[in-house]
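# Close look at the chain arrangement
Below are the chains, spelled out letter by letter.
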Amino acid sequence: MIEKLNDEERAVALAGLPEWGGVAEPDGISRSFSFGNFVEAFGFMTKVALLAEKADHHPEWSNVYGRVEIMLTTHDAGGLSQRDIDLATAINALAA
Ligand code: HBI
C-alpha cells in the first residue's frame, strides 16, 4: 500500500524539486512548462506519457499550444507520495 508522505518527508522532497510547487487540493505538486509550439509541447507530453506508463503512475495535465501544466498526486494514497516525487524527478530530466 503506497502511503502519503508526512510533513518532514514532503519538505525534504520538495527541497529537491524547486521547480515544482505544492498543490493543496488535491494534495500534490505541479509544474508548468513552456515550449516553442504545440508540436514541441506534444512531443514532451509523449515522452512523459511513456515514462508514466512504465512507472504505472500517471499525471493530471493540460496543454494549450506550447504550454503544458502537470499535476502529480497519488490517488491510491489520497495525496502526495514517493511515486509523485520519483515521476517529477524523471520529468525534470526530460525537460532539462
Ligand atoms: N497514477 N497518479 C496516479 N495515482 C495512482 O494512484 C495510480 C496511478 N496510476 C496507476 C495506478 N494508480 C494503479 O494502476 C496502481 O496503483 C495499481
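If you're wondering where the values come from, they're calculated on a predicted model, not measured in any experiment. (Residues numbered from 1 in each chain as written. Predicted model: local features only at pLDDT ≥ 70, side-chain atom pairs only at ≥ 80, totals over all residues. Heavy atoms only, no water.)

### Quick word on the nonpolar core
Formed by 18 residues in total, the largest nonpolar core has its most connected members in Trp20, Ile29, Ile70, Leu72 and Ile91. The residues touching Ile70, leaving out its near neighbours within four places in the chain, are Trp20, Ile29, Ser30, Arg31, Phe33, Phe44, Pro59, Glu60, Trp61 and Ile91. (Core = buried A, V, L, I, M, F, W, Y, C linked by side-chain atoms within 4.5 Å. Buried < 20%, exposed > 50% of the residue type's maximum accessible area, 1.4 Å probe, protein only. Contact = heavy atoms within 4.5 Å.)

### Overview of the site of the ligand
The ligand sits among Asp56, His57, His58, Thr73, Thr74, His75, Asp76 and Arg83. Contact distances for the ligand include 3.3 Å between a nitrogen atom and a backbone N or O atom of Asp56. His58 places a side-chain nitrogen or oxygen 2.9 Å from a nitrogen atom of the ligand. When isolated, the ligand has an accessible area of 390 Å², and the protein chains bury 71% of it. Considering only residue class, the shell around the ligand consists of no nonpolar, five polar and three charged. (Near = heavy atom within 4 Å. Polar contact = N/O pair within 3.5 Å; in protein donor to acceptor, adjacent residues only side chain to side chain. Areas by Shrake-Rupley, 256 points an atom, 1.4 Å probe, with all protein chains shown as cover. Nonpolar A, V, L, I, M, F, W, Y, C, P; charged D, E, K, R; others polar.)

### A closer look at unusual backbone geometry
The residue after Glu25, namely Pro26, is reached through a cis peptide bond having omega 0°. One non-glycine residue, Asp56, lies in positive phi territory at about 50°. With respect to the secondary-structure elements, Asp56 resides in the loop between α2 (38–55) and β3 (60–64). Residue classification places Asp56 among the exposed positions, given a relative accessible area of 55%. (Helix = DSSP H or I, 4+ residues; strand = E, 2+ residues; numbered from the N terminus.)

### Details of the pairing of strand β4 (residues 67–72)
Of the strand pairs in this sheet, strand β2 (residues 28–34) and β4 are connected by six bridges, and their pairing is antiparallel. Counterpart to Ser34 in the pairing with β4 is Arg67. Taking the residues between adjacent antiparallel strands as the criterion, β3 and β4 are bridged by two residues, where Tyr65 takes a positive phi near 55°. (Pairing = 2+ DSSP bridges.)

### Quick look at the packing of aromatic side chains
Counted under the stated rule, the structure contains five aromatic pairs. Between Trp20 and Phe33 the ring centres are 6.3 Å apart and the planes differ by 75°, which places this aromatic pair in the edge-to-face class. In this pair, Trp20 is assigned in the loop between α1 (7–15) and β1 (21–23) and Phe33 in strand β2, connecting sequence segments 13 residues apart. Here Trp20 matches Phe33 in class, with each residue buried. A centroid spacing of 4.9 Å and a plane angle of 40° characterise the contact between Phe35 and Phe44, whose relative ring orientation is tilted. Judged by relative accessible area, which is 3%, Phe44 ranks as buried. (Phe/Tyr/Trp six-rings, centres within 6.5 Å; stacked < 30°, edge-to-face > 60°.)

### Concerning the pattern of salt bridges
Pairing is possible between side chains of opposite charge, provided their charged atoms come close. Enumeration over the complete set of coordinates arrives at three salt bridges. The partner of Glu69 in a salt bridge is Arg67, with the nearest N and O atoms 2.8 Å apart. For Glu69, a relative accessible area of 30% puts it in the partly exposed group. In the salt-bridge network here, residues are joined through shared partners; they are Lys4, Arg10 and Asp27. (Salt bridge = Lys/Arg side-chain N within 4 Å of Asp/Glu carboxyl O.)

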